[in-house]
Amino acid sequence: MIRPIDLENLHELLPLLELQQLAYRIEAELIGFEEIPPLLDSPQTLRESGETFFGHYTGARLTGAVSCRQSARELTICRMMVHPDCFRMGIAGKLLQYVESLAPPGGAIIVSTGTGNIPAVALYEKHGFEPSRMHLLAPGITMTQFIKLTES
């Protein structure tokens, strides 16, 4: 089941923060960069992020989450995370499809990931996202931005 996560509810916020730490530590290892901003978050910074969070629940357990920001013409996926115990179970794909359904018609969906995060790159390409540009984070470390246009 996918549903919104209430960041004002500590019983929902703390499992999200724990999941984020687990998932982004793995991305940090994959791309060779330890200073990924989500690893520095606290309950307060998550609440102040301006992002809307949705969780994938298996029973009562939070097994994945996605966050986004939306404007009239664009939906930006800010975070995508799956519990390491649940990799390769289709959770990221379900979260991606869910958040895509929220995108404005005739607009764009944008997401970025570490270029070295091969599983994430494959996920976005599988779902029709195309690389649009790269950002240099640190010497030898890049992020790839992907874009997908929505139908009118």
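Look up a bit, the structure's there.
Attention here is on the structure that accompanies the text. (Residues numbered from 1 in each chain as written. Predicted model: local features only at pLDDT ≥ 70, side-chain atom pairs only at ≥ 80, totals over all residues. Heavy atoms only, no water.)

## A closer look at the environment of aspartate 85
So, step 1. Looking at the secondary structure, you find aspartate 85 in the loop between β4 (74-82) and α3 (91-100).
So, step 2. Within the structure, the side chain of aspartate 85 is placed 3.5 Å from the side chain of arginine 61, a separation counted as a polar contact. (Helix = DSSP H or I, 4+ residues; strand = E, 2+ residues; numbered from the N terminus. Polar contact = N/O pair within 3.5 Å; in protein donor to acceptor, adjacent residues only side chain to side chain.)

## Topic: the layout of surface pockets
Rolled over the atoms, a probe with the dimensions of a water molecule shows which regions are left empty.
So, step 1. Empty space within the largest pocket amounts to approximately 1200 Å³.
So, step 2. Lining the largest pocket are 47 residues; nearest its centre among them are Met80, Thr113, Asn117, Ala120 and Tyr124.
So, step 3. The set of elements that each furnish at least two residues to the lining of the largest pocket consists of α1 (10-31), β4, α3, β5 (108-114), α4 (118-126), β6 (130-138) and β7 (141-149).
So, step 4. Of the residues forming the lining of the largest pocket, the biggest block, seven residues, is contributed by β4.
So, step 5. Here the lining of the largest pocket is built from residues that sort into 28 nonpolar, eleven polar and eight charged. (1 Å grid on protein atoms, 1.4 Å probe; cavity = no way out; pocket = protein on both sides within 12 Å on 5 of 7 lines; lining within 4 Å. Points joined across faces, edges and corners; volume = space filled by probe spheres on them. Nonpolar A, V, L, I, M, F, W, Y, C, P; charged D, E, K, R; others polar.)

## Some points on the environment of proline 119
So, step 1. Take proline 119: it is sitting in helix α4.
So, step 2. Between the C-alpha atoms of proline 119 and phenylalanine 87, which are 32 residues apart in sequence, the distance is 9.9 Å.

## Points about the pairing of β4
So, step 1. Judged from the seven bridges that link them, strand β3 (residues 61-70) and β4 form a sheet pairing that is antiparallel. By the bridge assignment for β4, cysteine 68 is matched with isoleucine 77.
So, step 2. Hairpin connection of β3 to β4: three residues between the antiparallel strands.
So, step 3. Here four bridges tie β4 to β5, and the two strands are oriented parallel to one another. (Pairing = 2+ DSSP bridges.)

## Concerning α3
So, step 1. Most of α3 is tucked away: seven of the ten residues are buried.
So, step 2. Restricting attention to buried positions, one finds in α3 the residues Ile91, Ala92, Gly93, Leu95, Leu96, Val99 and Glu100. (Buried < 20%, exposed > 50% of the residue type's maximum accessible area, 1.4 Å probe, protein only.)

## Thoughts on α4
So, step 1. Turning to α4, its buried residues are Ala120, Val121, Leu123 and Tyr124. The arc that holds the buried residues of α4, viewed along the axis, is 160 degrees, so those residues lie on one side. Set apart from the buried face of α4 by more than 90 degrees, the exposed residues are Ile118, Pro119 and Lys126.
So, step 2. Tucked into the core, α4 has its buried residues touching β4, α3, β5 and β7.
So, step 3. Directly after α4, the chain includes glycine 128, whose backbone phi takes a positive value near 90 degrees. (Arc of directions from axis to C-beta. Contact = heavy atoms within 4.5 Å.)

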